[in-house]
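Breakdown of the fold
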Protein chains: 2
Amino acid sequence: MEIAVCLPLSEAQEARLRRSAGSATVRRCAPDDLGDASVVFGNPTPEAIAANRALRWLQLESVGFGEYLDLDWSRASGPVQVTNLAGFFADPVAETALAGILALKRGIDRLCALRSDGTWIGDPIRSELGLLGGSKTVLFGRGAINGRLAELLAPFRCTVTAFGRDFAEDRLDAALEQADVVVATVPHTAATAGLFGAARLARMKRSAIFCNLGRGSLVDEEALARALRSGALAGAVIDVTRAEPLPPDHAFWTTPNTILTQHSGGGTADETDRKIDRFLNNFTRFRDGAPLEGLVDFTRGY
Amino acid sequence: MEIAVCLPLSEAQEARLRRSAGSATVRRCAPDDLGDASVVFGNPTPEAIAANRALRWLQLESVGFGEYLDLDWSRASGPVQVTNLAGFFADPVAETALAGILALKRGIDRLCALRSDGTWIGDPIRSELGLLGGSKTVLFGRGAINGRLAELLAPFRCTVTAFGRDFAEDRLDAALEQADVVVATVPHTAATAGLFGAARLARMKRSAIFCNLGRGSLVDEEALARALRSGALAGAVIDVTRAEPLPPDHAFWTTPNTILTQHSGGGTADETDRKIDRFLNNFTRFRDGAPLEGLVDFTRGY
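Residues numbered from 1 in each chain as written. Chains lettered and ligands numbered in written order. Predicted model: local features only at pLDDT ≥ 70, side-chain atom pairs only at ≥ 80, totals over all residues. Heavy atoms only, no water.

**Looking at the domain arrangement of chain A**
If you check the domain split of chain A, you get domain 1 (2-87 + 268-288) and domain 2 (90-260). Computed from C-alpha coordinates alone, the two centres of domain 1 of chain A and domain 2 of chain A are separated by 33 Å. (Domains from an automatic or database assignment.)

Laid out in structure tokens, this is it:
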């Protein structure tokens, strides 16, 4: 059995994989050249997956898998299982969401800029600060990230209204009109793409903060930038964008009250080690013919 | 009865005070010239308090009162009551503390600087990020701020070790050596001044974050700056400093991984209105001869 690994590893991490792989061969490979490995760990290009006719199991190093939705997974060698990291990023992304919201409420972004300018503003900034405590929050997405965020919000005595994929648009819109903070964590699907367009963003209060930590395709980015510029929205926490890296002329580089976290929300210093833990756990199951963790259902889109 | 008011008020706020003062006269005054008002609302200079021989009640607009410790409060006209805003700032300061800690853990300060530079770093920042969840925290100060912070930390599954004014130095030092996050909220007293000197700071782990939201006198600022520069400490959240405004050549303008919140931690857009609420509530008690809220005990120093 051959395991093709296409995520960046240190030598120690690669050595650990080899030790744990038993008789299987571990081969590092480029994301666009998998050969005919029956097991792949990482996020290769869709073309490389199509070209591999021996694939039996793909362990992604992400939760999202939108780029693979159109692939034909049938193989003469047997069924292909695809697993993702569902739930893996809940703690870090929820902490980044809360960090971003609190930064806007407590002026951390402005105070960091003042420090870098060497400017003491002192008391006058106090009148610009707000509290998260007691806010009306809308969590759009019922997955692990918003589940964890709801736990972190509990002591803030926020009212939390959560919507999953069975949401009714009129109920969502009614909740958005009341919300102080909106946090979206939904994947890219046909149902979510473009869902937060200009008209929906315009329903929110001028004092509201909008956060997107799911996929950039959810939002009309030009409309969001206009709302931030005009003061129609008080702030935004943006982890994901339609284009990553964000193009140099993109509005989000300069919109006011914007925390742009560059898709780092899921990051932690030990994340690759934790990804290897997850792979090895599934690898044991794969060899034993046991059900894999995080099996992707392509018919649902997440 | 004359009420001298020496905090900045809008016209609407002043009108509200006059309406609620009944037959008492409300006079706005400079902090260094109270005349002989029997009631004072705000933080006047110690000299102006000494010069006012008719004072019966001083409602401070702060929690701290270190600048008044040496005053002689005896008056021929009767005893002087001094009240502070104990507990008033617990919610905002606790939110600022958590905002600062999460900013350091999740890289919000670095990401804000990258945005202002127009630099996309993306994935490489992920390996610099950490989680607050599961941290060992030491809360130094058992007042309202750290009480509220302990509530906010609860869902992070942190271990919390709290110390009040009866702390034992050896137990504090033992806890500091284990701590991932240390949050000090203690007032300036003879017992706290200089307590966090170079030797005590050196006990902390290189990965630890130190936060001071009490009074600047607690800390040897040069030692803290050296620790941040050398990497002996991973970060600091600094709301209070020995000199405010911070002098232009102060190290805290340029130390790495430093969130400098310029004594804004207690600030909210509605704080003056809430201070007036508190004053008027105490004013009713004062006229009725009832016990005042937030009575200061100068023998304790807080």
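**Considerations on the environment of A:Asn84**
All names here are of chain A. Topologically, Asn84 is positioned in the loop between strand S5 (81-83) and helix H3 (90-106). Sequence-wise, Asn84 and Glu293 are 209 residues apart; in three dimensions their C-alpha atoms are separated by 8.2 Å. For Asn84, the residues in contact, after removing those within four places along its chain, are Gln59, Leu60, Ser62, Val63, Phe65, Arg278, Glu293, Gly294 and Val296. One polar contact links the side chain of Asn84 to the main-chain amide nitrogen of Ala86, over a distance of 3.1 Å. (Helix = DSSP H or I, 4+ residues; strand = E, 2+ residues; numbered from the N terminus. Contact = heavy atoms within 4.5 Å. Polar contact = N/O pair within 3.5 Å; in protein donor to acceptor, adjacent residues only side chain to side chain.)

**Points about the confidence of the model for chain A**
With 99% of its residues at a pLDDT of at least 70, chain A reaches an overall mean of 96. Quick note on the complex model: pTM equals 0.93, ipTM equals 0.93. (pLDDT = per-residue confidence, 0-100.)

**Overview of the pattern of salt bridges**
Two side chains with opposite charge may pair up if their charged atoms get near one another. Residue and element names in this part refer to chain A. Summed over the entire model, instances satisfying the criterion amount to 34 salt bridges over all chains. Here Arg28 ties to Glu14 by a salt bridge, and the two come within 2.4 Å at their closest N and O atoms. Highlighted residues: Arg28 in strand S2 (residues 25-28) and Glu14 in helix H1 (residues 11-20), separated in sequence by 14 residues. Among the salt bridges present, the one from Arg148 reaches Glu151, with a minimum N-O distance of 2.6 Å. Pair noted here: Arg148 and Glu151 are both in helix H5 (residues 144-153), with a separation of 3 residues, about one helical turn. A network of salt bridges, in which partner residues are shared, links Glu169, Asp173, Glu177, Arg200 and Arg203. (Salt bridge = Lys/Arg side-chain N within 4 Å of Asp/Glu carboxyl O.)

**Describing the pairing of strand S10 (residues 235-238) of chain B**
Residues and elements named next belong to chain B. Residues Gly235 and Val237 point to one face of S10 and Ala236 and Ile238 to the other, with burial holding for every one of them. Sheet topology places strand S9 (residues 209-212) next to S10; 4 bridges connect them, and they run parallel. Counted as the bridge partner of Asn212 is Ile238 from S10. Running through helix H8 (residues 221-230), the crossover from S9 to the neighbouring parallel element S10 is right-handed. Across 3 bridges, the pairing between S10 and strand S11 (residues 258-260) is parallel. Within S11, the residue paired with Ala236 across the bridge is Thr258. (Buried < 20%, exposed > 50% of the residue type's maximum accessible area, 1.4 Å probe, protein only. Pairing = 2+ DSSP bridges. Right-handed = clockwise from strand over helix to strand, strands pointing away.)

**Observations regarding the relation of the copies chain A and chain B**
When chain A is fitted to chain B, the best match, at an RMSD of 0.0 Å, comes from turning it 180° and sliding it 0.0 Å along the axis. What we have between these two chains is a two-fold relation. For chain A, the smallest separation between a C-alpha atom and the rotation axis is recorded for A:Ala99, amounting to 2.9 Å. A symmetric contact is evident, with 100% of the interface residues of chain A recurring at the interface of chain B. (Least-squares fit on C-alpha atoms with pLDDT ≥ 70 in both.)

**Here's the deal with the nonpolar core**
Note on soluble globular proteins: their nonpolar side chains tend to be buried together. One finds A:Leu98, A:Leu132, A:Phe156, B:Leu98, B:Leu132 and B:Phe156 to be the most contacted residues of the largest nonpolar core, which totals 58 residues. In this view, A:Phe156 contacts A:Leu98, A:Leu102, A:Leu132, A:Gly133, A:Gly134, B:Glu95, B:Leu98, B:Arg148 and B:Leu152; residues no more than four positions away in its chain are not counted. (Core = buried A, V, L, I, M, F, W, Y, C linked by side-chain atoms within 4.5 Å.)

**Here we look at the side chain of B:Arg75**
Residues and elements named next belong to chain B. Turning to its location among the elements, Arg75 is positioned in the loop between strand S4 (57-59) and strand S5 (81-83). With no salt bridge to any partner, buried Arg75 finds its closest opposite charge in Asp72, at an N-O distance of 5.6 Å. Among the polar contacts listed, one links the side chain of Arg75 to the backbone oxygen of Asn52, at a separation of 2.8 Å. Those residues in contact with Arg75 that lie beyond four places of it in its chain are Ile49, Ala50, Asn52, Arg53, Leu55 and Val80. (Lys, Arg positive; Asp, Glu negative; His and termini not counted.)

**Observations concerning the side chain of B:Asn212**
All names here are of chain B. Mapped onto the secondary structure, Asn212 falls in strand S9. Among the polar contacts made by the side chain of Asn212, one reaches the main-chain carbonyl oxygen of Arg215 at a distance of 3.1 Å. Those residues within four positions of Asn212 in sequence are excluded, and the remaining contacts are Ala184, Leu218, Val219, Val237, Ile238, Asp239 and Val240.

**A few points about the state of the cysteines**
With the rule as written, the count across this model stands at 0 disulfides over all chains. Free cysteine A:Cys6: the closest other cysteine sulfur is in A:Cys29, separated by 4.7 Å. Free cysteine B:Cys211: the closest other cysteine sulfur is in B:Cys158, separated by 12 Å. (Disulfide = S-S within 2.5 Å.)

**A word on the interface of chain A and chain B**
Opposite the 57 residues of chain A that make contact, chain B presents 57 residues. Interface area for chain A against chain B, summed over the two sides, is near 4800 Å², with a carbon-plus-sulfur share of 58%. One can count 4 salt bridges joining chain A with chain B. Here A:Arg126 makes a salt bridge to B:Glu271, at a shortest N to O gap of 2.8 Å. At the junction of chain A and chain B, the tally comes to 34 residue pairs in polar contact (both at pLDDT 80 or more). Elements represented by at least two residues in the side of chain A that touches chain B include exactly H3, helix H4 (108-117), H5 and strand S11 (258-260) of chain A. (Buried area = accessible area lost by both parts, 1.4 Å probe.)

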